[in-house]
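Working through the structure, step by step
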Amino acid sequence: MSTPETTPVTTDVATAPPVLEISSLCVDYGVGQGAVRALHDVDLTLRRGEVLGLAGESGSGKSTLAYAVTRLLSPPGVITGGDVRYHPRGGEPVDVLAMTPQELRAFRWQEISIVFQGAMNSLNPVHTVRTQLTDVLKAHRPGMSRTERVERARELLSLVGISPDRLSAYPHQLSGGMRQRVMIAMALALEPEVVIMDEPTTALDVVMQRQILRQLVRLREELGFSVVFITHDISLLIEFSDRIAIMYGGRIVEQAGAAEIYRDPRHPYSDGLLHSFPALRGPRRELTGIPGSPPDLKAMPPGCAFHPRCPKAFDPCDRRVPRLAPVGTDTDRSVACWLNDDRRSGEA
Ligand code: ATP
Ligand code: SF4
């Protein structure tokens with residue numbers, strides 16, 4: 001595992017105001033008797049200008065969270081509770097869950113954009129990069145002339161490190177890394193305040209993944225947007241994010257600064273994840289992985305959902321659900337684990 005090197009939490013980011021506040025968010029798949037809970041009371045704040053990494057094994061609820069906060073969740077997914085507030089620059093907070101379809105159309109792309117898993121394969125194969133970039137501008141910036149749109153498309157390609165000459169290329173004429181950069185350019189087209197990236201680089205080799213992430217972090221410094229970066233590879237997040245939130249069984253189980261999680265993971269699951277991914281640089285950690293498999297939503301273990309796999313499980317763990325709570329005097333770290341919670345004799 002490499003030592004965090006690219007984005008130390010600057011004082012500005014660490015104390016920046018929130019841009020997106022998620023409180024007690026719950027999502028079920030299905031309704032009535034057959035419903036299963038995929039998100040349990042998720043609390044998460046994205047600060048203005050920060051890169052927040054969201055990590056966890058497959059099925060932990062990362063994509064469900066991304067779809068829910070952008071209101072892109074489709075049936076059988078249902079938001080059953082909670083609150084999502086967007087704080088526009090210089091404006092009053094907006095209740096995202098109460099937005100009308102018309103408000104949502106303006107909200108997505110302009111305020112918040114999302115790059116999905118495998119997005120590079122969703123470019124239209126029969127249209128050039130120019131057409132696909134300018135179409136977004138045409139739909140959302142009706143006042144722009146054709147020349148202005150093409151000029152902006154050139155600028156966007158340069159931003160993501162692709163020569164503007166490639167505007168006339170079709171997707172199949174570009175490498176996977178370039179197609180993914182085009183998707184990122186599209187996500188940035190309307191200068192959103194928040195960009196959510198759901199495993200955008202997993203289909204690429206590790207060198208390309210890091211190149212793209214490095215560029216994204218540089219762009220965030222230039223343009224000031226905030227990023228939620230979702231991946232199961234925590235080593236990438238340690239390098240590129242300011243803070244990390246770790247999910248297990250539909251809950252956030254730990255959140256803290258990236259360097260703090262790297263140095264001193266407080267949740268046994270975070271520790272297991274850190275020992276599951278090889279480092280490209282820096283001192284080696286023994287890769288031990290995490291025994292067992294993630295829980296099945298239909299048969300969630302009682303108490304702490306991680307207890308059947310946890311090497312440190314003890315008395316209250318299989319009976320009572322630990323809540324996410326601040327640890328000691330560190331106001332920027334919270335953990336959901338009885339090992340770190342002196343309320344274990346209290347009400348769960
Ligand atoms: P991955 O890294 O594999 O994308 P994830 O952490 O993003 O995983 P989600 O895709 O959010 O996890 O899934 C969370 C849980 O919700 C999983 O148990 C999954 O099986 C379940 N789930 C997701 N979509 C549906 C659906 N359409 N119907 C029923 N269950 C679903
Ligand atoms: Fe392990 Fe118990 Fe902490 Fe869960 S609450 S992670 S089972 S020690």
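Residues numbered from 1 in each chain as written. Chains lettered and ligands numbered in written order. Predicted model: local features only at pLDDT ≥ 70, side-chain atom pairs only at ≥ 80, totals over all residues. Heavy atoms only, no water.

1. Comments concerning the site of ligand 2
Taken together, 13 residues form the shell around ligand 2, and within it Cys-304, Cys-310, Cys-317, Cys-337 and Trp-338 come nearest. Residue composition of the shell around ligand 2, grouped by class: ten nonpolar, two polar and one charged. (Near = heavy atom within 4 Å. Nonpolar A, V, L, I, M, F, W, Y, C, P; charged D, E, K, R; others polar.)

2. Observations concerning the pairing of strand 3 (residues 51-55)
Counting buried positions over the five residues of strand 3 gives five, a clear majority of the element. Where burial is concerned, the two faces of strand 3 agree: the one with Val-51, Gly-53 and Ala-55 and the one with Leu-52 and Leu-54 are both buried. One ladder, built from five bridges, connects strand 3 with strand 8 (residues 226-231); its direction is parallel. By the bridge assignment for strand 8, Val-51 is matched with Val-227. The sheet contact formed by strand 3 and strand 9 (residues 243-248) spans four bridges and is parallel. Along strand 9, the bridge assignment pairs Gly-53 with Ile-244. (Buried < 20%, exposed > 50% of the residue type's maximum accessible area, 1.4 Å probe, protein only. Helix = DSSP H or I, 4+ residues; strand = E, 2+ residues; numbered from the N terminus. Pairing = 2+ DSSP bridges.)

3. Overview of the packing of aromatic side chains
Considering all chains together, one arrives at five aromatic pairs under this definition. For the pair Tyr-269 and Phe-306, a centre-to-centre distance of 5.2 Å together with 65° between the ring planes defines the contact as edge-to-face. With a gap of 37 residues between them, Tyr-269 in helix 10 (residues 268-274) and Phe-306 in the loop between helix 10 and strand 11 (325-327) connect regions that are remote in the sequence. In this pair, the class of Tyr-269 matches that of Phe-306, namely buried. Clustering of aromatic rings is evident, with ring pairs tying together Tyr-248, Tyr-269 and Phe-306. (Phe/Tyr/Trp six-rings, centres within 6.5 Å; stacked < 30°, edge-to-face > 60°.)

4. Some thoughts on the site of ligand 1
Taken together, 14 residues lie around ligand 1, and Ser-58, Gly-59, Lys-62, Ser-63 and Thr-64 are the ones closest in. At 3.1 Å, a backbone N or O of Ser-60 approaches an oxygen atom of ligand 1. Between ligand 1 and Glu-199 there is a distance of 3.5 Å, counted from an oxygen atom to a side-chain nitrogen or oxygen. Relative to its unbound accessible area of 630 Å², ligand 1 is 65% covered by the protein chains. At three residues, helix 2 (residues 62-69) tops the list of elements feeding residues into the shell around ligand 1. When grouped by side-chain class, the residues that make up the shell around ligand 1 number four nonpolar, seven polar and three charged. (Polar contact = N/O pair within 3.5 Å; in protein donor to acceptor, adjacent residues only side chain to side chain. Areas by Shrake-Rupley, 256 points an atom, 1.4 Å probe, with all protein chains shown as cover.)

5. Notes on the confidence of the model for the chain
Overall, the predicted model of the chain reaches an average pLDDT of 88, with 91% of residues at or above 70. Summarising per-element confidence for the chain, the mean pLDDT is lowest in helix 1 (residues 11-15) (71) and highest in strand 4 (residues 77-86) (98). Low confidence marks residues 1-11, where pLDDT is under 50. Its contacts with residues over four positions away, or in another chain, come to 35 contacts. (pLDDT = per-residue confidence, 0-100. Contact = heavy atoms within 4.5 Å.)

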